[in-house]
Each structure stands twice: as C-alpha cells, then as structure tokens.
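Working through the structure, step by step
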Amino acid sequence: MTDDATQTRYERYAEEVAEDIADTVQALGCQPILFVGSGLAKRYMNAPNWDELLTHLAAGCSGIEKGIGFYKQSFKTPMKIGEEFARLYQEWAWATGHNEFPESMFQENVDSQSYIKFKIADLLSSIKPDDISGLNVTDHKNEIEALGNIKPHAIITTNYDQMLEMIFPDHEPIVGQQILKGQQFSVGEIYKIHGCVSDFENIVFTESDYETFSKKKKFLSAKLLTFFNEHPLIFIGYSASDPNIRAILADIDEAIPEKGGIIPNVYILEWNPAIGPDSLPPRDKVLPTEEDRTVRVKLIEAANFEWVFNAFASNPVLNDVNPRVLRALIARSYNLVRHDIPQMTIQADFKMLADSVNDSDSFARLFGIANITDYSAASAQYPHSATQITKALGGSGSYLAVAAMRKIKRDTGIDIKSSDNRYHRCEMVNTTPFHKYSAAGLELIRKVDAGEAYDVDLGIPS
C-alpha cells in the first residue's frame, strides 16, 4: 500500500474493505465459504455465460430454426428456453442429428433431455485446459494463485465445468444427487449443486430440472444455513439478478433473526472494469430474493480480484491446514466414535499421540498444521484495525484513525505505521499488508483525536 497522504480514493477503499474482510475472517475463526458462478469460469477459461451457451446450442442444432431472440421473446427465462431446446434437441437427435451422439444414447431408458446435456458437457470439456497452467494466467496469474491460497472450508458452485477442481486440487468434488445422500464431512469439498460435465445426464439445465432440484434441496438448504451461521461467505462470478443467487440468499434470509440490517459475514464480489484511482464504490448492496423480499450484503467492486482474495486468505493459522488431510481426519474421527457396528481392532502408538499433545509443535505437525504460537500471540497483542479503531471513536471507515496518525507525523515527525513497534504491527499475507494496532495504539489515537496531550514512545514492550 502507498503512504496514507498519497493514497487514492480507491486505494483507501481497498484497504478499508480488506481490513473488514480480515477482521471478519479472524473474528469467526474459520475459513470462508466460496459461492462460485459462471462469471469466474468465463474470466479464467472463457467459458460461456447463460446467453452465450444458449446461442451456441441454438447454432449447433438444425432443429432450432429461429433466432435466439425469438426464444427469449417466447419463453422469457433461460430455464424455459432450455426446456424448449431440450425438446428440439431430442427430435433432432432422432432424425438428422443421429450421428452427433453415441449409439448408446438411443435406448428407451435414456432421458429425453440427455441429448442437449451431452452437448453442453462436450462444449465445456473441449475448452477445459489440461492443467491449471492453461487457464488465463496471462492476465490473471497472481489472481488465480491468490484464490487458491484462500484454502476455503468448502466451495459451492452452480457451474458444470471442472475449473475449480484444478484450482483446488485438495478439495473433493461432490456432484448433484451425491449431495443429498451419503456421508458428507462439510470440509474440503466442492459442492457442484447443478451437476458436472463428468455426469452430464444429471446436469440441472431446464425448467423441469430446476423444479426437481428445488423439491429435493432441503438437505442443501440446511447445510447452507449452517455455513451461514459459522463462516464468512463470498459470492464470486454471479450477477445480482442471477436466479441462483436469489434462491441461495432467500435461504440465508430465513436464518436472519432481525430483518433490514446488513448481513455482516456475506460479501458479493462484482467485476467493474471502470474502476479508477478516484472511484469510491458503495460498500453494500440490496439484493432481491424470492417472494419480493430483499437482503443487504457487503459489496466489493474491483477490476482486479487479487487484493480481495488475499484478504480472504488473511488467517495464516488456518491457511496451513491441508483440506485433504483434515477431511481424512474427520472421516477417521467419525469411524472411531461409531459404536453401533463391530470394528476391527485399531493399533495406535499412544505414546506418540501423548507426546504430540503435550508438545504443541509436534501436535501441529502431526496434522500438517504449521506452528501457530508466534502468530497467535502477535495477533492477540495487536488486535485492532484502523477501521475498528475509528468505529471505537464513533466514526466509520478508517478516517479518524488515519487522520490521527497523520497529525502525529506532522507534530512529531514519527510515522507509527513505518515500523513494527508498541503501537503498530504490519502482517503480510501473500503480497498484501494488514496494519494492526495494540491497546496502546488505540489509546494514543484516542488522545490525538480528543485533542489531549500525548507522547510517542515506539519502544516494543517486553
């Protein structure tokens, strides 16, 4: 970040938003949940959005004789258009389009909508690169790396493609109906709630698909409410008008005890290519849900997402946990506490376990977790952000804290943010600095803001 005196309006906005995200992540003490829409797949591997997918499907089927505009006029929603296209694809497949499909698809037990879903899977599979290096790293290399560094607790996506499996290789994909049955551990998993190209017949695409999904999603809704109560949530790659985001937010809205206020742990990230140095985007947004209700969430606008993703990866204690190891540990813990069925004898080196528990460093290494003592102690000593200090002084944003520090520099020549000292500590997460302040720093800034006499002593206390 630049010096406070030379920061642009957008740099100040980004710093304040990043502080808010970091404060939320650390206050909740757990990793974020990512909700990922088609916009992110379009950004990183040029996958089609709804309109582009429908246009491609219309061009690929001679049975769809009219322009895409006709179907938008006639059927209004993408899901209804999908229903009509599925019907036309079936007719085409059984006529002149027969050679476009495997012979195995012409059995009476094949679902009539499978033909269009086969073509959807074929398109998305054809544009998927062989590995993560094939994504759009020319423009977004650092951004993609920052996204992967978040180590999310779980990812929920309505996308059919397999891009997220490339970015998060230690997360386990849970596809379609698998979500509604079986044992889920709710950590280190990618919930592909509308299906995946790996199982094209179960893709949720048409109006009847959405109706069936809605009837069966009670388990998913319960899981979403658990996630909402316990984790920071961020929506990436969704339009505010997307029917998927409206349905998810409607579920979250049900769990809010008091209506009307901003939901403190829910963020929506929107791409804004017009962002410039003088931009000062709004900090929240009212979004429509179902049945004419609305919710207010925290809004983030950015042209480059790297700083946003770095902020969501701002708890290095949790970032060192391998999701695959943690998921395996939970699975084994589940099996150990089961007592209703006979189990094989378990041989364990209890001396090793006891020694590990007694030694925090060994215990951390046992589960692939880095030593957290130094970080935790430092965080406890410097718990405040500039935004939190300003709020404590009765303001909003970080203006009062920043103004007080500028006054200290003018009066004494000392910039308390230029070093780690008894008032201030800079925590680097990837390439993003997070400035945190001690109780002494809060008291110093309070005195300056109140016009009281003050002294500056940068000595670090023992």
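Residues numbered from 1 in each chain as written. Predicted model: local features only at pLDDT ≥ 70, side-chain atom pairs only at ≥ 80, totals over all residues. Heavy atoms only, no water.

Right, let's get into the overall build of the protein. The helix and strand tally for the protein stands at 20 helices and ten strands. The buried share of the protein, taken over its 462 residues, is 47%. Pairs at least 24 residues apart make up 71% of the contacts formed inside the protein by residues separated by at least 6 positions. When the accessible surface of the protein is summed, it comes to about 22700 Å², and 52% of that surface belongs to carbon and sulfur atoms. (Helix = DSSP H or I, 4+ residues; strand = E, 2+ residues; numbered from the N terminus. Buried < 20%, exposed > 50% of the residue type's maximum accessible area, 1.4 Å probe, protein only. Contact = heavy atoms within 4.5 Å. Areas by Shrake-Rupley, 256 points an atom, 1.4 Å probe, with all protein chains shown as cover.)

Our next topic: the nonpolar core. In a soluble, globular protein the nonpolar side chains are often hidden away together inside. Core analysis: the largest hydrophobic core is formed by 62 residues, its most contacted members being F35, F85, Y89, F101, F205, F235 and L249. Among the elements that line this core, the one with the most residues is helix α5 (residues 78-93), at eight residues. Apart from residues no more than four positions distant in its own chain, L249 is found in contact with F235, V266, L287, T289, V295 and V297. Counting residues in hydrophobic clusters, the runner-up holds 42 residues, among them V25, L40, I275 and V308. (Core = buried A, V, L, I, M, F, W, Y, C linked by side-chain atoms within 4.5 Å.)

Turning to the side chain of S438, a few remarks are in order. Examined against the element boundaries, S438 turns out to sit in the loop between β10 (432-437) and α20 (439-450). Exposure remark for S438: the relative accessible area of 5% places this residue in the buried category. Residue contacts for S438: discarding those within four places in its chain leaves Q381, Y382, P383, H384, R422 and Y423.

The next thing to look at is the packing of aromatic side chains. Tallied over the entire structure, the rule returns 18 aromatic pairs. Between W92 and F101, the aromatic rings sit 5.8 Å apart at their centres with planes inclined by 80 degrees, giving edge-to-face as the arrangement. Accessibility assignment for this pair places W92 and F101 in one class, buried. Seen in terms of ring centroids, F235 and Y238 are 6.2 Å apart; in terms of plane orientation they differ by 70 degrees. Their pairing is edge-to-face. In this structure F235 comes out as buried when scored by relative accessible area, which is 1%. (Phe/Tyr/Trp six-rings, centres within 6.5 Å; stacked < 30°, edge-to-face > 60°.)

Strand order in the open sheet formed by eight strands is β3-β4-β2-β1-β5-β6-β8-β7, with mixed pairing between adjacent strands. Two strands in the sheet have a free side with no partner beyond their single neighbour: β3 (172-175) and β7 (284-288). On average, each strand axis in the sheet is inclined to that of its neighbour by 25 degrees, with strand direction left out of account. Here four bridges tie strand β1 (residues 33-36) to strand β2 (residues 154-157), and the two strands are oriented parallel to one another. In the strand pairing of β2, L34 is matched with I155. (Pairing = 2+ DSSP bridges. Axes fitted to C-alpha atoms, helices over the stretch in contact; angles between N-to-C directions.)

Time to look at the pattern of salt bridges. One side chain can pair with another of opposite charge once the charged atoms of both are near each other. Scanning all chains against the criterion turns up 19 salt bridges. One salt bridge connects E270 with K285, and the closest N-O pair in it is separated by 2.8 Å. Within this pair, whereas E270 is found in strand β6 (residues 262-271), its partner K285 is found in strand β7, the two being separated by 15 residues in sequence. (Salt bridge = Lys/Arg side-chain N within 4 Å of Asp/Glu carboxyl O.)

Right, let's get into the pairing of β2. Neither face of β2 is open: one carries A154 and I156, the other I155 and T157, and all of them are buried. Bridge analysis of β2 against strand β4 (residues 189-192) gives four bridges, and the strand direction is parallel. Across the sheet, residue A154 finds its bridge partner in β4, namely E189.

It is worth spelling out the packing of helix α2 (residues 38-45) against helix α7 (residues 137-148) at this point. Remark: α2 packs on α7, axes separated minimally by 11 Å, with the N-to-C direction vectors making an angle of 135 degrees. Here α7 runs oblique to α2, going by the angle between their axes. Residues L40, R43 and Y44 of α2 form the contact with α7, whose own contacting residues are H140, E143, I144 and L147. Residue classes in the contact of α2 with α7 are distributed as four nonpolar, one polar and two charged. (Parallel < 35°, antiparallel > 145°, perpendicular 65-115°, else oblique. Nonpolar A, V, L, I, M, F, W, Y, C, P; charged D, E, K, R; others polar.)

Moving on to the packing of α5 against helix α9 (residues 207-216). Remark: α5 packs on α9, axes separated minimally by 7 Å, with the N-to-C direction vectors making an angle of 120 degrees. One finds that α5 runs oblique with respect to α9. Residues M79, K80 and E83 of α5 lie in contact with α9, whose contacting residues are E207, S208 and Y210. Residue composition of the contact of α5 with α9, by class: two nonpolar, one polar and three charged.

Below, the discussion takes up unusual backbone geometry. Glycine aside, the phi torsion of most residues is negative, and most peptide linkages are trans. Here N46, not a glycine, exhibits a phi torsion of approximately 55 degrees, which is positive. Residue position: N46 is located in the loop between α2 and α3 (50-59). The exposure class assigned to N46 is exposed, which follows from its relative accessible area of 59%. One non-glycine residue, K151, adopts positive backbone phi at about 50 degrees.

This part takes up the environment of V295. Here V295 lies in strand β8 (residues 294-302). Its relative accessible area of 4% is what places V295 among the buried residues. Taking the C-alpha atoms as reference, V295 lies 9.0 Å from I252; in sequence the two are 43 residues apart. Discounting residues that sit within four places of it in the chain, V295 has contacts with L249, D253, I263, K285, V286, L287 and T289.

Turning next to the environment of M428. Residue position: M428 is located in strand β9 (residues 424-429). Residue class for M428 comes out exposed when judged on its relative accessible area of 52%. Separated by 118 residues in the primary sequence, M428 and N310 place their C-alpha atoms 9.8 Å from one another.

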